[in-house]
Amino acid sequence: MAKRLAILGAGKLGIVLAQLALRAGYDVAIAASGDPAKIDLTVRTLAPGATAMTATDAAQWSDVIVLALPLSKYRTLPVTALAGKFVIDAMNYWWEVDGEREDSIPSDQSSSEAVQMLLAESTVIKALSHMGYHDLLDEARPSGAEGRRAIAVAADDDSARASAMQLVNDLGFDPLDIGSLANGRRLEPGNPAFGADLPLSKLKEII
Amino acid sequence: MKTNYTFGLDNFGDIPLDESGEAVTHAQAIRQVVDEAILADKLGVDIIALGEHHREEYSISSPEMVLAAIASRTKRIKLSSGVTVLSSDDPVRVYERFATLDAVSNGRAQIILGRGSFTESFPLFGYSLQDYDVLFEEKIELMAELLKEKPVSWSGTTRTELADADVFPKTESGRIETWVGVGGSPNSVLRAARYGFPLILAIIGGAPARFAPYVDLYKQAAKEYGTTAHPVGMHSPGYIADTDEEAMELAWPTFKTAFDAIGKTRGWAPWSYEHFKREVAMGSLYVGSPKTVAERIAHAMRAVGAERFDLVYGFGPVKASDRMKMVELYGKKVIPMVRELLEKS
C-alpha cells in the first residue's frame, strides 16, 4: 500500500510538496480552509492525482500531516483530528499573509513550539520550512545523487523525527537532524539557514 | 494564426550610479527612466512598465506621473505600471489617473494590478497588513467594475460605498488595458481568471518551466468561470552587455545588492555567487550577451507558454550609461532575435 501524506494548505508551498510527494509515489490529500471544492481545480491542474479534502478529513486520513498554511492561521487547525499524529510544521512567518508576527506568535517563542502548544496531543516536527518552494521543486534528487540538497529536521520525539527524516529523503533531500524542536528556531527567517538550499555538509556548517 | 509576441522593459526607479560610481539623486533617477523610455520607444520596445515603491532604494512612488512625462515624448510605446499596489490605493483614483494617462498618450495607458511585495505602503496610507487579503479582494472587484466605464454601485468594508457613481474621464477606446501581476499563488491566478484580466507572472527565481501549470490553471479557470483566457505574460530580471563575461561581472554585484536588500526584509540569507550562477544558468536571471539572453528568453517563453516578456532592467546600483546600453541592446538585438527564435519553432 502506498504511503499517505496529508498536506494542510494549498498555496505555493502546499502545492509543491504535493507535487514532490506524488512523484515519490505517495497517496496525497490536500486541504485548504473550508470547502475542498474551492481548491478542486487548482489540485486537478497543478497536482493531478492528489485528492482535495477538508482539513479534518485529511488529518484523519493520514498519520503524517504537513502544515503548509499561513502561520497566522494555525489556530484554525483541526486539533482533535490531529491528535496522536505526526505533524510536520513547514510554516514560517511571512508578512504578506500573516500581518505582524507578534499578533500570532509570542516573540519569545519559536513558531513550531507555539504550534506544539496548541496541538498538545500531536507530535510536532519542524521540517521542510527553510528551503524556498521553487528550490524544493527544482532541487529534489534521488538518494545518493550528486549535489543532493539537505533539509533540516527538528523534533523532540525519536520516532517522529525518524518518520520526518524518511519523508524528507523520499521527497528528494538529505535529512539533517538538528536536535530538539526548540532548535527549529535556527531555521526561522533572519537566520543563515532560512532560504538555505545547500548540500548536507554546508547546511550543517551554517546551523 | 501568427502569435503576437510583445516585449517590455520594467523598472522600479532603482538609483543608477554616475560615471564616478556615485549614486545619483532620486530626481535624476526618475529623469534617467524617462530618457531610457524615449530610447526604448525609438527602438520599438512594446511596453515600459514602472513599479510603485515607497522605499529609499527606489525613486518611483508615482509611476503614472513618470509615465505621463514619457507619454509627451514618445509615439508608440505602451505606458504601464508594474505594479500598481491596489491594496493600499483607491480604485476610483487609480481609474482616474490612468484614464488621464490614456488621454495624454493617445490610448497607450496600461495598468498592472498587484498586491505589492513590500509592506511600506500599508502604514503609509493607513491600512493594516492584517487586511492584506480583503483589501485586494474588494478593491479588485471594484476596479473591475470601474473599468467598464459605466456608473458603478458598490459597497464593501474597505472604502466608502458608491451609488451609481460615474467616474471621469472616459477613455476613447472604452477600456484601459489592465493586467494582474501574480507571484505564484494559485489563488491569485484564479482571481485573475475570475475577473477576466490578463495575467502576468513575476518569475524571479527558479526554473521558469514550473510556471507552465499555472498557465494551464489560468486557462482552465477562465473556461469554468466563462471569462476570456488572455495571452499570459512573464516578468523576470536580467542584465545585458556585449559579452557573457562582461554581463556576469557587472551583474553579480548589482543583483547581490538588490536581492540582499529585499532578503533583509524577508529574513533570508545573503546571496552566494553559486546561487547567482545557478539562476543565470537555468533559473530566472537573464544575464549575458544579446544572443545568450535572447536564447534564454525564447526558451523560457516557450516553456511557460508566455506571449509577453518583460525584462526587469537596471535592478540594483547599475551605472547609468550601462543601463542605457542595456535598453539599446534589448531593443536593437535581443527582441528581434527572440522573435526570430519563436517564429522558427
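Everything quoted here is computed from the prediction, not taken from an experiment. (Residues numbered from 1 in each chain as written. Chains lettered and ligands numbered in written order. Predicted model: local features only at pLDDT ≥ 70, side-chain atom pairs only at ≥ 80, totals over all residues. Heavy atoms only, no water.)

**Things to note about the overall build of chain B**
Looking only at helices and strands, one finds eleven helices and twelve strands in chain B. For 345 residues, the compact-globule estimate of 2.2 N^0.38 gives 20 Å, and chain B sits close to it at 19 Å. Out of the 345 residues in chain B, the part that is buried amounts to 56%. Here the analysis covers contacts within chain B between residues at least 6 apart in sequence; of these, 73% occur between residues at least 24 apart. Carbon and sulfur atoms make up 53% of the accessible area of chain B, which totals about 13900 Å². Within chain B, the 47 negative side-chain charges are centred at a point lying 4 Å from the centre of the 39 positive side-chain charges. (Helix = DSSP H or I, 4+ residues; strand = E, 2+ residues; numbered from the N terminus. Rg over C-alpha atoms; globule rule 2.2 N^0.38 Å. Buried < 20%, exposed > 50% of the residue type's maximum accessible area, 1.4 Å probe, protein only. Contact = heavy atoms within 4.5 Å. Areas by Shrake-Rupley, 256 points an atom, 1.4 Å probe, with all protein chains shown as cover. Lys, Arg positive; Asp, Glu negative; His and termini not counted. Charge placed at Lys NZ, Arg CZ, Asp CG, Glu CD.)

**Comments concerning the environment of A:Pro142**
Tracing the backbone shows A:Pro142 in the loop between helix 7 (133-139) and strand 7 (150-155). When its relative accessible area of 60% is taken as the criterion, A:Pro142 is described as exposed.

**Here's the deal with the side chain of A:Ser122**
Residues and elements named next belong to chain A. Tracing the backbone through its elements, the reader meets Ser122 in the loop between helix 6 (111-118) and strand 6 (123-127). By relative accessible area, which is 6% here, Ser122 ends up buried. Setting aside chain neighbours within four positions, we find Ser122 in contact with Leu82, Ala83, Gly84, Lys85, Val87 and Gln116.

**What to know about the nonpolar core**
Ranked by size, the top nonpolar core spans 142 residues in total, and within it A:Leu128, B:Phe7, B:Ile297 and B:Tyr330 carry the most contacts. Sorting elements by how many residues they give to this core places helix 11 (residues 320-344) of chain B first, with eight residues. In contact with A:Leu128, other than residues within four places in its own chain, are A:Leu13, A:Leu17, A:Val66, A:Ile88, A:Ala90, A:Ile151, A:Ala152, A:Leu167, A:Val168 and A:Leu171. Counting 23 residues, the second-largest nonpolar core is a separate cluster that includes A:Leu69, A:Leu77, A:Leu119 and A:Val124. (Core = buried A, V, L, I, M, F, W, Y, C linked by side-chain atoms within 4.5 Å.)

**Regarding the pairing of strand 4 (residues 64-67) of chain A**
Note on strand geometry: in a regular strand, side chains alternate between the two faces of the sheet. All names here are of chain A. Residues Val64 and Val66 point to one face of strand 4 and Ile65 and Leu67 to the other, with burial holding for every one of them. Across three bridges, strand 1 (residues 4-8) lies against strand 4 in parallel orientation. Residue pairing across strands places Ala6 opposite Ile65, the latter belonging to strand 4. In this sheet, strand 5 (residues 86-89) lies alongside strand 4 in parallel orientation, the contact comprising four bridges. Opposite Ile65, over in strand 5, you have Val87 as the bridge partner. (Pairing = 2+ DSSP bridges.)

**Focus on the interface of chain A and chain B**
Listed by partner, the interface residues are 30 residues for chain A and 31 residues for chain B. Taken together, chain A and chain B are joined by three salt bridges. Inspection of the region where chain A meets chain B yields seven residue pairs in polar contact (both at pLDDT 80 or more). Going through the elements one at a time, helix 1 (12-23), helix 2 (37-46), helix 5 (95-98) and helix 7 of chain A are the ones with two or more residues in the side of chain A that touches chain B. Classifying every residue of the side of chain A that touches chain B gives eleven nonpolar, seven polar and twelve charged. (Salt bridge = Lys/Arg side-chain N within 4 Å of Asp/Glu carboxyl O. Polar contact = N/O pair within 3.5 Å; in protein donor to acceptor, adjacent residues only side chain to side chain. Nonpolar A, V, L, I, M, F, W, Y, C, P; charged D, E, K, R; others polar.)

**A few points about the pairing of strand 3 (residues 78-81) of chain B**
Residues and elements named next belong to chain B. Relative to strand 3, strand 2 (residues 47-50) runs parallel, the two being bridged by four bridges. Within the sheet, the bridge partner assigned to Leu50 lies in strand 3 and is Ser81. On the question of chirality, the crossover connecting strand 2 to the parallel strand 3 by way of helix 2 (residues 63-71) is right-handed. Two strands pair when backbone bridges link them, and strand 3 and strand 5 (residues 109-114) are joined in this way by two bridges, in the parallel orientation. (Right-handed = clockwise from strand over helix to strand, strands pointing away.)

**What about the environment of B:Gly314?**
Residues and elements named next belong to chain B. Here Gly314 is to be found in the loop between strand 12 (308-312) and helix 11. Note on Gly314: relative accessible area 1%, which makes it buried. Spatially, the C-alpha atom of Gly314 lies 9.4 Å from that of Phe255, the residues being 59 residues apart in sequence.

**Quick notes on the pattern of salt bridges**
For the coordinates displayed, the defined rule picks out 32 salt bridges over all chains. Ionic pairing is found between A:Asp177 and A:Arg161, a salt bridge with its closest N-O pair at 3.3 Å. Of the two residues, A:Asp177 is situated in strand 8 (residues 174-177) and A:Arg161 in helix 8 (residues 158-171); the sequence distance between them amounts to 16 residues. Classification of A:Asp177 as partly exposed rests on a relative accessible area of 38%. Here B:Arg323 ties to B:Glu36 by a salt bridge, and the two come within 2.9 Å at their closest N and O atoms. Pair noted here: B:Arg323 is in helix 11 and B:Glu36 is in helix 1 (residues 26-42), with a separation of 287 residues, a long-range link. The exposure class assigned to B:Arg323 is buried, which follows from its relative accessible area of 0%.

**Some words on the confidence of the model for chain B**
Residues of chain B with pLDDT of at least 70 account for 100%, and the chain-wide mean is 96. Here the predicted complex scores 0.94 on pTM and 0.89 on ipTM. (pLDDT = per-residue confidence, 0-100.)

**Digging into the sheet that holds strand 3 (residues 51-52) of chain A**
All names here are of chain A. One open sheet holds the eight strands; their spatial order is 3-2-1-4-5-6-7-8, and the pairing between them is mixed. Since the sheet does not close on itself, it has two edges, and those belong to strand 3 and strand 8, each with one partner. Along the sheet face, helix 1 touches strand 1, strand 2 (27-31) and strand 4 and points at about 170° away from the line of strand 2. (Axes fitted to C-alpha atoms, helices over the stretch in contact; angles between N-to-C directions.)

**Things to note about helix 10 (residues 290-304) of chain B**
Residue and element names in this part refer to chain B. For helix 10, spanning 15 residues, the distance from its first C-alpha to its last is 21 Å, which sits close to the expected 21 Å at 1.5 Å a residue. Within the sequence span of helix 10, burial applies to Pro290, Val293, Ala294, Arg296, Ile297, Ala298, Ala300, Met301 and Val304. Of the residues trailing helix 10, Gly305 is marked for its positive phi of about 85°. (Expected span 1.5 Å × (residues − 1).)

**Here we look at the packing of helix 3 (residues 91-104) of chain B against helix 5 (residues 132-146) of chain B**
All names here are of chain B. Here helix 3 crosses helix 5 at 40°, and the two axes come no closer than 9 Å. Accordingly, the angle class assigned to the pair helix 3 and helix 5 is oblique. Along this stretch, helix 3 crosses helix 5, giving a crossing that reads as right-handed. Two secondary-structure elements touch here, helix 3 through Pro91, Val92, Val94 and Tyr95 and helix 5 through Lys139, Leu142, Met143 and Leu146. Residue composition of the contact of helix 3 with helix 5, by class: seven nonpolar, no polar and one charged. (Parallel < 35°, antiparallel > 145°, perpendicular 65-115°, else oblique. Left-handed = near helix turned anticlockwise from the far one by under 90°.)

**Observations regarding unusual backbone geometry**
Residues and elements named next belong to chain B. Along the chain, Gly82 connects to Val83 via a cis peptide bond; the corresponding omega equals 5°. By the secondary structure assignment, Val83 is in the loop between strand 3 and strand 4 (84-85). Looking along the chain, the bond that leaves Phe168 and enters Pro169 is cis, with omega of 0°. Within the fold, Pro169 resides in the loop between strand 7 (162-165) and strand 8 (177-182).

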